[in-house]
Each structure stands twice: as C-alpha cells, then as structure tokens.
Amino acid sequence: MITLYHCMSARSFRPLWALEELGLSYKLNMLPFPPRVHARQYLDINPIGTVPALVIDDILMTESAAICQYLAKRFGPTALEIDPEEPDYAKYLNWLHYGEATLTFPQTLILRYGQFEEPQRRLPQVVEDYSRWFLGRLKAISSALEGREYLCQNRFTIADISVGYALMLAEFIGLGDRFPENVMLYWQRLQSRESFTKAWLAIAREVLGQTVQTFLDSNDAGRDGAFCTIALLTPPQAIFCSYDFVLCYIPCIYVLFLC
Ligand SMILES: N[C@@H](CCC(=O)N[C@@H](CS)C(=O)NCC(=O)O)C(=O)O
C-alpha cells in the first residue's frame, strides 16, 4: 500500500504526478497547510511535519525528488528514468535535483517574504532579489531545451516532473510571464500530459470527498505558500485553489468553499 501525504500546491505534487505517470494505485491524504500546525497528528507520521511524506511498506520518505526516483526504480523498468548506460544519465540526475535544490528553494523565500510574513516583516528586496535569482537559474533550463522537447534523452522523465513542479509554483507566484519562451512552451507541453490532469483530478476528488472544515481551518497559508494556489487546467477539468478560496469545477459541477 502506498500512501502519499499532500498539501495543496506543495512539492508533494511531484510524487503525485509520478504515481500517476506510473499508473500505480495509492491513497492520497490531503492535509491542511502547514500540517505541523493544523494537523498535529501528522507529526506521528513525519516528525518534521513537511510534505511530501510517502509511506510504503512501513518505509517513510520525505524528499520529493528522491521519492520520484524511488518509485521509478522500484516500479520500473520505466522510460521515466534514465539508466546509467544512457548518454544523458548525468544530466538526468542533475536536472532531477536542480528542480528542487536550485529552482524551488528561492521561491520559498519569495513566498515567505512577499506574502506570508506579517506586513512589518516582509522584505521586498528579498522578493526582488530571489525572483531575479530564480529567473537567472531558468536560463540553464532554456539552454538545455534548445532543440529538445524534454530535458534529457528526448523523452519525458522524472527530471521533467521535478523541474515542472518548480515551474508550476513559479507560475502560481506570478513569475510565469517572465519565463523564456521555450521554457513556457515546455511548461505547456508538460501540462498537456494525461498524468498531470489525473494528478489534479485526484486532488479534486480528495478535496470534494473530505470535510470542508479541513480547509476552513487552514487559513494562514503557512510560511512557504503551499496553500496559495491558482491552478487552471484545460476544461473540462479545472481547479482553482487559493489561500482565500478553493473552487473545484468538474464537468457541470461547481463547488465553492469559502475559507
Ligand atoms: N526538500 C523537501 C522540502 C519539503 C518541504 O519543505 N515542503 C514544504 C511544502 S512545499 C512543507 O512541508 N512546509 C511545511 C513546514 O515547513 O512546516 C522536498 O523536496 O520534499
């Protein structure tokens, strides 16, 4: 049994997307953000209180890129990973970790000091500096994509999931219109995958199936913005989620939770 603990828009989207790519069955457990404040019992599962947490065969994993790597290896062989014998193996590992370590971390600073700190603790200079820092690091992605549809070996891999999540978060926080053109096209290509839509539908099912109270309780958006989301998918399935509201639209059904 695989259980994935996830908060809206958090890095746990990476393993969720990988689970859908691999066609595995899993239990998705949505938590209010931040769980260490709003779901104290979660600390019994993951003592550091972060998401993702993936529990499989009594093993706990808490790093989003490592979980993707584990799933691909354990449930492969799959084209989602690159073998050491393939020419792009080193690039693959590099992009897999670049997505988290280089592209996601600066965004947590942007969110924290731009939106979630008390107004008197906000630091516009940090927001500006780390926005530029992030956009500067995107240049490597832009170069890597020249003449390619995906980052390595001309096929979609979990390295694209890792970087794709960082692009999703960047779009949510308003940096999307500053992506280089080929990065934007790449991001659109990633979103058009069936697994991406299925991941969002899994979230929608879980949100619709659980008590609204969980979301009503979570009104502080945490410190790194995992609950701050505006996600728009191609109709007919679209989900808009935000700090202020969660709106899920599944064909012909609108549900509005006011938080
Ligand atoms: N490097 C970890 C970072 C995990 C992490 O910090 N997750 C954030 C959400 S995106 C979190 O759970 N924050 C809540 C907290 O710090 O209490 C990963 O890639 O999974």
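The following paragraphs examine the structure supplied in this document.

Basis of the calculations
Residue indices follow the written sequence of each chain, beginning from 1 at its first position. Only residues with pLDDT of at least 70 get local features here, since the model is predicted, and only at 80 or more are side-chain atom pairs given and counted; chain-wide, interface and lining totals rely on the full set of residues. Think of it this way: any DSSP run of H or I at least four residues long counts as a helix, any run of E at least two long counts as a strand, and we number them from the N terminus. For the exposure call, what matters is how many other C-beta atoms sit within 10 Å of a residue's own: 20 or more marks it buried, 12 or fewer exposed, and in between partly exposed, using C-beta atoms placed from the backbone. Whether two residues are in contact is decided by their C-beta atoms, placed from the backbone, lying within 7 Å. DSSP bridges decide pairing: two strands pair if at least two such bridges lie between them. Here, nearness means that the C-beta atom of a residue, built from backbone geometry, sits within 6 Å of the molecule or strand in question. Amino acids outside the nonpolar list (Ala, Val, Leu, Ile, Met, Phe, Trp, Tyr, Cys, Pro) and the charged list (Asp, Glu, Lys, Arg) are all regarded as polar, and Gly is one of them. Helix axes use the C-alpha atoms of the stretch in contact, all axes being lines fitted to C-alpha atoms, and the angles between their N-to-C directions lie in the range 0 to 180 degrees. Any angle that is under 35 degrees is reported as roughly parallel, and any over 145 degrees as roughly antiparallel; angles of 65 to 115 degrees are reported as roughly perpendicular and all others as oblique. Handedness of a crossing is defined here by the sense of rotation of the near helix relative to the far one, left-handed for an anticlockwise turn of less than a right angle and right-handed for a clockwise turn.

**Some words on the overall build of the protein chain**
Then comes step 1: Within the protein chain, the regular secondary structure consists of 10 helices and seven strands.
Then comes step 2: Sorting the 259 residues of the protein chain into buried and exposed places 42% on the buried side.
Then comes step 3: A separation threshold of at least 6 residues defines the contact pool for the protein chain, and within that pool the share at least 24 residues apart is 67%.

**Details of the pairing of strand β1 (residues 2-6)**
Then comes step 1: Where β1 and strand β3 (residues 53-56) come together, four bridges link them in antiparallel fashion. Bridging across to β3, Ile2 finds its partner in Ile56.
Then comes step 2: One ladder, built from four bridges, connects β1 with strand β2 (residues 27-30); its direction is parallel. Considered in β2, the bridge of Tyr5 is made with Asn29.

**Examining the site of the ligand**
Then comes step 1: If you check the shell around the ligand, you find 15 residues, and the closest are Ala10, Arg11, Pro34, Thr50 and Ser64.
Then comes step 2: Residues of the shell around the ligand, tallied by class, amount to six nonpolar, four polar and five charged.

**Here we look at helix α1 (residues 13-22)**
Then comes step 1: Within α1, nine of the 10 residues are buried, which leaves it mostly tucked inside the rest of the structure.
Then comes step 2: Listed as buried for α1 are Phe13, Arg14, Pro15, Leu16, Trp17, Ala18, Leu19, Glu20 and Glu21.
Then comes step 3: Where α1 is buried, its residues touch β1, β2, β3, α3 (64-75), α7 (158-172) and α9 (194-209).
Then comes step 4: Residue Gly23 follows α1 closely and has a positive phi angle near 65 degrees.

**Section: the environment of Ala79**
Then comes step 1: Residue placement: Ala79 occurs in the loop between α3 and α4 (89-102).
Then comes step 2: It is 9.8 Å that separates the C-alpha atoms of Ala79 and Leu22, two residues lying 57 residues apart in sequence.

**Thoughts on the packing of α1 against α3**
Then comes step 1: Between α1 and α3, the least distance of the axes is 8 Å, while the angle of their chain directions is 15 degrees. By the criterion of interaxial angle, the relationship of α1 to α3 is roughly parallel. α1 and α3 meet at a crossing whose hand is right-handed. Counting all contacts with α1, which are made through Arg14, Pro15, Ala18, Leu19 and Leu22, the residues of α3 involved are Ser64, Ala65, Ile67, Cys68, Leu71, Ala72 and Phe75.
Then comes step 2: For the contact of α1 with α3, the class distribution of residues is 10 nonpolar, one polar and one charged.

**With respect to the environment of Arg14**
Then comes step 1: With respect to the helices and strands, Arg14 occurs in helix α1.
Then comes step 2: Judged by the 29 C-beta atoms lying within 10 Å of it, Arg14 is buried.
Then comes step 3: The sequence separation of Arg14 and Ile158 amounts to 144 residues, and the corresponding C-alpha distance is 8.5 Å.
Then comes step 4: In this structure, Arg14 is in contact with Ser64, Ala65, Cys68, Ile161, Ser162 and Tyr165, ignoring residues within four places of it in sequence.

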